[in-house]
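Each chain, written out:
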Amino acid sequence: MRLHYTGPFPETLGFLLMPRFAMVAFFSAVEPLRIANRVAGRELFAWKIITQDGEPITASNGMTLLADASPDTAPRLPSLAICSSFEPEATLTRHTLRWLHRLAEDGCALGGIDTGSIILARAGLLARRRVTLHWESLPAFRERFPDIDAVESLFEVTEQGFSCAGGAAAMDMSLDLIARRHGRALATAVSEQLIHDQGRTPQHQQRQALVQRLGTHKPALVDAVALMERHVESPLPLGRIASRVALSLRQLQRLFEQELGVRPRDYYRHLRLARARQLLQETDHDILSIGLACGFTSASSFSRAYRQRYRESPRQTRLKPSAT
């Protein structure tokens, strides 16, 4: 999925599917290409499913797809997308990492779908790159790879590679590819076949705006929650938050209880604990470091609050496999 392509058609895209990959993201990436071929009346795109061992692969929803090739039998590819989801590195092999390095040296544009960028970062192939991945994995990714510019956009495309947040964002990225290769008219025709709004660009955020997520248009409440989300590691005193949104502390407490049914102190703590849960599931940081990174002053205070919220200890969460 290079910005520019001068090779022969059909343009063949490789998809390295990892165990428990996100089926919706893979289909969202491929279906626009299939429809583009049908609408254009000729084969503009082709794709190859690659797995680490060349064997059938099972997605997170339990469905299984046949593979076209393994790294050893894959054809030469101008682009390769790594499609993964939960625990992308759980079965990652050194052989696959070496193959990715060979592809990069050969000029192949490498990209990640959903959490695929984690594998590319692990391989050391994202230096000086701007990438995106699913918003749930962004905090842990930034903690682990602070030198990589990870942003919360729908997709990113450069001459060196590409990435998208997964889900429907893969469709947006494929529609962008069709428009760049074969014109906006074809991309629009494909989006209409998909009954999909083609107006989404990389600059669109993955998550709904706070107004939509909170279900309220109260500016002071929206601003207060935004401050909380920006200050997880060093929580702001509620009095300071109230002052910054031009309310008294009592008014802030009443606003949260009326609009969200929860006290601001509890909302803030739940937000910090949710961030901690992500870090426990997606990084190897020790439990104390995660607690400190989420605004708790000691391991005991973190564990106590965590157990009260999730009915299990941070260590139990870490030992459990990710939910599908």
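Above this text you will find the structure in question.
Residues numbered from 1 in each chain as written. Predicted model: local features only at pLDDT ≥ 70, side-chain atom pairs only at ≥ 80, totals over all residues. Heavy atoms only, no water.

Within the chain, the secondary structure is distributed over 14 helices and 10 strands. For a compact globule of 324 residues, the expected C-alpha radius of gyration is about 20 Å, and the chain comes in at 22 Å, within 12% of that figure. For the C-alpha atoms alone, the extent of the chain along its principal axes is close to 65 × 40 × 35 Å. A sequence separation of at least 24 residues applies to 65% of the contacts in the chain between residues at least 6 apart. Of the roughly 15700 Å² of accessible surface on the chain, 49% is carried by carbon and sulfur atoms. Seen as two clouds, the 41 positive and the 33 negative side-chain charges of the chain have centres 7 Å apart. (Helix = DSSP H or I, 4+ residues; strand = E, 2+ residues; numbered from the N terminus. Rg over C-alpha atoms; globule rule 2.2 N^0.38 Å. Contact = heavy atoms within 4.5 Å. Areas by Shrake-Rupley, 256 points an atom, 1.4 Å probe, with all protein chains shown as cover. Lys, Arg positive; Asp, Glu negative; His and termini not counted. Charge placed at Lys NZ, Arg CZ, Asp CG, Glu CD.)

Attention now goes to the nonpolar core. Taken as a class, soluble globular proteins show a tendency for nonpolar side chains to be buried jointly. Phe15, Leu17, Phe21, Phe26 and Ile113 are the most contacted members of the largest nonpolar core, which has 41 residues in total. For Phe26, the contacting residues outside a window of four places in its chain are Phe15, Leu17, Phe21, Ile49, Leu65 and Cys83. Formed by 31 residues, the second largest nonpolar core is a distinct cluster that contains Leu214, Ala242, Leu255 and Tyr306. (Core = buried A, V, L, I, M, F, W, Y, C linked by side-chain atoms within 4.5 Å. Buried < 20%, exposed > 50% of the residue type's maximum accessible area, 1.4 Å probe, protein only.)

Ordered by their spatial adjacency, 6 strands build an open sheet running E2-E1-E5-E6-E10-E9, and the pairing between neighbours is mixed. Lying at the two open borders of the sheet, with one neighbouring strand each, are strand E2 (45–50) and strand E9 (155–157). Neighbouring strand axes in the sheet, compared pairwise and without regard to direction, differ in orientation by 15° on average. The pairing of strand E5 (residues 79–84) with strand E6 (residues 109–114) spans 6 bridges and is classified as parallel. (Pairing = 2+ DSSP bridges. Axes fitted to C-alpha atoms, helices over the stretch in contact; angles between N-to-C directions.)

Enumeration according to the criterion identifies 14 salt bridges in this entry. Salt-bridge contacts for Arg180 lead to Asp176; the nearest nitrogen and oxygen are separated by 2.8 Å. Of this pair, Arg180 and Asp176 both sit in helix H5 (residues 169–182), 4 residues apart, roughly one helical turn. For Arg180, a relative accessible area of 28% translates into the label partly exposed. (Salt bridge = Lys/Arg side-chain N within 4 Å of Asp/Glu carboxyl O.)

Further remarks concern the layout of surface pockets. One number sums up the size of the second largest pocket: a volume of about 220 Å³. Around the second largest pocket, the lining is made up of 13 residues, and of these Ala104, Cys108, Leu125, Arg129 and Gln160 lie nearest the centre. Per-class residue counts for the lining of the second largest pocket are 6 nonpolar, 3 polar and 4 charged. (1 Å grid on protein atoms, 1.4 Å probe; cavity = no way out; pocket = protein on both sides within 12 Å on 5 of 7 lines; lining within 4 Å. Points joined across faces, edges and corners; volume = space filled by probe spheres on them. Nonpolar A, V, L, I, M, F, W, Y, C, P; charged D, E, K, R; others polar.)

A word on the pairing of E6. The side chains of a regular strand alternate, residue by residue, between the two faces of the sheet. Of all 6 residues making up E6, 6 are buried, and the element is well covered by its neighbours. One crossover worth recording links E5 to the parallel E6 by way of helix H2 (residues 94–105), and it is right-handed. Sheet analysis places E6 next to strand E10 (residues 161–164), joined by 4 bridges and oriented parallel. Paired with Leu110 across the bridge in E10 is Gly161. (Right-handed = clockwise from strand over helix to strand, strands pointing away.)

On to helix H8 (residues 219–230), then. In a regular helix each residue adds 1.5 Å, so 12 residues correspond to 16 Å; H8 covers 17 Å between its end C-alpha atoms and thus fits that length. Among the residues of H8, Ala220, Leu221, Val222, Ala224, Val225, Ala226, Leu227 and Met228 are the ones counted as buried. (Expected span 1.5 Å × (residues − 1).)

Inspection of every chain in the model, using the stated rule, returns 9 aromatic pairs. Relative to Phe27, the ring of Phe26 has its centre 5.8 Å away and its plane inclined at 40°; by these criteria the two rings are tilted. Judged by its relative accessible area of 37%, Phe27 is partly exposed. Site record: aromatic cluster; members linked through ring pairs are Phe15, Phe21, Phe26 and Phe27. Note that Arg272 overlies the ring of Phe296, its terminal NZ or CZ placed 4.3 Å from the centroid. The ring of Tyr310 has Arg277 lying over it, and the distance from NZ or CZ to the ring centre is 4.3 Å. (Phe/Tyr/Trp six-rings, centres within 6.5 Å; stacked < 30°, edge-to-face > 60°. Lys NZ or Arg CZ within 6 Å of the ring centre and 35° of its normal.)

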